Amino acid sequence: MTDPHQPAPPRPTSRDVARAAGVSQATVSLVLAEKWPGRVSEATAQRVRECAAELGYRPNLAARSLRLGSTRTALLVVPALTNEFFARVHTGAAAVAAEHDFGVVLYPSPDGTGPARDPFASARASLDGVIASSMASDALSALHGAELPLVMLDSDPAGTDAAAQVNLDIADGMRQVADHLLGLGHRRFVHLASAVDTWTFAVRAEALQEAVGAVPGASVRTVRAPLDVRAGREAAEQALAVAGERPTALVCDDDILAAGACKAARRLGLRVPDDLSVTGFDDLALATALEPELTTVQLPAEQVGERGMAALLAVLDGREADGGSLPVRLVVRGSTAPPPASPA
């Protein structure tokens, strides 16, 4: 006999069917909407139907009306509005949305990269889908229940149930930084790393460690700081004030930390880049406001937003979204130079 006080089991979703069948959520949508001929093999379509039947999945009619574009609204979740990168992501997403008569609602998570609160609760039915930038997939659990298609940007490609992903080649960006500095002759590095625990920063740390570790005699030490100028300055001051040989290059996880590092150098009487090279990541407007201007990795933020919105539109239309990572590039400016000569 069923206990009336026990909560009802959660209703299976199209994500559950996709996982069980070993296909994407877009493929599930194609099969159950009978749009699969010519796009999906008959064997795959049959497997999807069988998994849906075994799980007791029934398409949500309200959700299906959303996919037909009745609301034409997407939610863009970002960790913060104060970072220029996310503003540019929104610009790109909104431009593509406007071309398709869609609107984009921007939602800065009150908890940063942590679990996002449900911004609309019962009003989730007013959305067609969700795009989330630089956040963990499990941080969006409050939004999963509405069966809204989820597109992840700049996020861990492993272990996610997103319908589509758009990533940047972050690792290659950090390798470009390391190769540039190693080529100038630097061997003593400090990595001024973000204290934020997300995939994008973990990838930067791993790529830097690998690149520097492959060169005999080169070493890198890591110090962490919150993403603001003051914290970056304080962490850099501590890293530069240690006994022994001073590092000749500070590799920063973003341009804001790099601005703090440049302030630390000035306070300690060090000249950038004569005594210390400093690099950033993002290529914010701040990078060219510094003097000397900052060597940094340029991230195509608007293109990330454009690709993310295009991916959501593809999922809503039952098509496979374009995958792959967007390339990034090192912009060399005045904050890097060969290390100072050792005293004779």
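Source: prediction; values computed, not measured.

About the criteria used
- Here, residues in each chain are numbered from 1, in the same order as that chain's written sequence.
- In view of the model being predicted, local features appear only for residues whose pLDDT reaches at least 70, and side-chain atom pairs are presented and counted only at 80 or more, with totals across whole chains, interfaces and linings using the full set of residues.
- Water and hydrogen atoms were dropped before computing side-chain values, which therefore reflect all heavy atoms in the structure.
- What counts as a helix is a DSSP run of H or I of at least four residues, what counts as a strand is a run of E of at least two, and both are numbered from the N terminus.
- Categorising residues by exposure relies on relative accessible area from a 1.4 Å probe, with only protein chains included: less than 20% of the type maximum marks a residue as buried, more than 50% marks it as exposed, and the intermediate range marks it as partly exposed.
- Contacts are residue-level and defined by heavy atoms, with any inter-residue pair within 4.5 Å sufficient.
- We call two strands paired when DSSP finds no fewer than two bridges between them.
- Axes here refer to lines fitted to C-alpha atoms; in helices the fit is confined to the stretch in contact. Angles between the N-to-C directions go from 0 to 180 degrees.
- Between N or O atoms, a polar contact is any pair within 3.5 Å; within protein, one atom must be a potential hydrogen donor and the other a potential acceptor, and residues adjacent in sequence are included only when both atoms are from side chains.
- The term salt bridge refers to a pairing of a side-chain nitrogen on Lys or Arg with a carboxyl oxygen on Asp or Glu at a separation within 4 Å.
- Confidence scores here are pLDDT values: one per residue, from the predictor, ranging 0 to 100.
- Here a Phe, Tyr or Trp ring, Trp counted by its six-membered ring, pairs with any other such ring whose centre lies within 6.5 Å, and the pair is stacked when the planes are under 30 degrees apart, edge-to-face when over 60, and tilted otherwise.

Structural notes on the overall build of the protein chain
So, point 1. For the protein chain, the count of helices and strands is twelve helices and twelve strands.
So, point 2. Burial analysis of the protein chain (344 residues in total) assigns 50% to the buried set.
So, point 3. Sequence-distant contacts, at least 24 apart, represent 72% of the contacts inside the protein chain between residues at least 6 apart.

What about the sheet that holds strand E9 (residues 277-279)?
So, point 1. One open sheet accounts for four strands, arranged E7-E6-E8-E9; its pairing is parallel. Where the open sheet ends on each side, the last strands, each with one partner, are strand E7 (219-225) and E9. On average, each strand axis in the sheet is tilted by 20° relative to the strand beside it, whichever way the strands run.
So, point 2. Sheet analysis places strand E8 (residues 249-252) next to E9, joined by three bridges and oriented parallel. Residue pairing for E9: Val251 is matched across the bridge by Thr279.
So, point 3. Along the sheet, helix H7 (residues 170-184) makes contact with strand E6 (188-194), E8 and E9, crossing E8 at roughly 170°.

So, the sheet that holds strand E2 (residues 103-108)
So, point 1. Taken in spatial order, the six strands line up as E2-E1-E3-E4-E5-E11 in an open sheet, and their pairing is parallel. Both outer strands of the open sheet, E2 and strand E11 (325-326), are each paired with one neighbouring strand and no more.
So, point 2. Pairing of strand E3 (residues 129-133) with strand E4 (residues 150-153), which is carried by four bridges, proceeds in the parallel orientation. By the bridge assignment, Ile131 is partnered in E4 with Val151.
So, point 3. Sheet strands touched by helix H5 (residues 84-99): strand E1 (73-78), E2, E3, E4 and strand E5 (164-168). Its angle to E2, the strand with the most contacts, is close to 160°.

Focus on the side chain of Ser335
So, point 1. Relative to the elements of secondary structure, Ser335 occurs in the segment after strand E12 (329-331).
So, point 2. Its relative accessible area of 0% is what places Ser335 among the buried residues.
So, point 3. Separated by 2.8 Å, the side chain of Ser335 and the backbone nitrogen of Thr295 make a polar contact.
So, point 4. Not counting residues within four places of it along the chain, the set of residues in contact with Ser335 comprises Val272, Pro273, Leu276, Ser277, Val278, Pro292, Glu293, Leu294 and Thr295.

Side note on helix H2 (residues 25-32)
So, point 1. In terms of residue burial, H2 counts as a mostly covered element, since six of its eight residues are buried.
So, point 2. For H2, the set of buried residues is Gln25, Ala26, Thr27, Val28, Leu30 and Val31.
So, point 3. Note on H2: the residue one or two positions beyond its end, Glu34, has a positive phi of about 60°.

Description of the pattern of salt bridges
Working definition: two side chains of opposite charge can pair if their charged atoms are close together.
So, point 1. Within this structure, the stated rule accounts for ten salt bridges.
So, point 2. For Glu245, the salt bridge identified is with Arg188, shortest N-O distance 3.8 Å. Residue Glu245 is located in the loop between helix H9 (229-240) and E8, and its partner Arg188 is located in strand E6; the two are separated by 57 residues in the primary sequence.
So, point 3. Exposure remark for Arg188: the relative accessible area of 28% places this residue in the partly exposed category.

Concerning the pairing of E3
So, point 1. With respect to burial, E3 is a largely interior element, five of its five residues being buried.
So, point 2. The sheet contact formed by E1 and E3 spans four bridges and is parallel. Looking at the pairing, Val77 lines up with Ala132 of E3.

Things to note about the confidence of the model for the protein chain
So, point 1. In this model, the protein chain carries an average pLDDT of 84, and 83% of its residues clear a pLDDT of 70 or more.
So, point 2. pLDDT under 50 marks residues 112-116. Its contacts with residues more than four places away, or in other chains, come to 19 contacts.
So, point 3. Low pLDDT, under 50, characterises residues 120-124; the predicted model gives this stretch eight contacts beyond four residues in sequence or across chains.

Structural notes on unusual backbone geometry
So, point 1. Following Val272, the chain continues to Pro273 via a peptide bond in cis, the omega torsion being 10°.
So, point 2. Relative to the helices and strands, Pro273 is located in the loop between helix H10 (255-267) and E9.
So, point 3. That bond from Glu291 to Pro292 is cis: its omega, 0°, falls within 30 degrees of zero.
So, point 4. Along the chain, Pro292 turns up in the loop between helix H11 (286-289) and strand E10 (296-298).
So, point 5. Unlike most non-glycine residues, Asp154 shows phi in positive territory, near 50°.
So, point 6. Tracing the sequence through the fold places Asp154 in the loop between E4 and E5.

Section: the packing of aromatic side chains
The description of an aromatic ring pair rests on the distance of the ring centres and on the angle between the ring planes.
So, point 1. Per the counting criterion, the structure on display carries one aromatic pair.
So, point 2. For the ring pair Phe85 and Phe86, a centre distance of 5.3 Å and an interplane angle of 85° mean the geometry is edge-to-face. Neither residue differs from the other here; Phe85 and Phe86 are each classed as buried.

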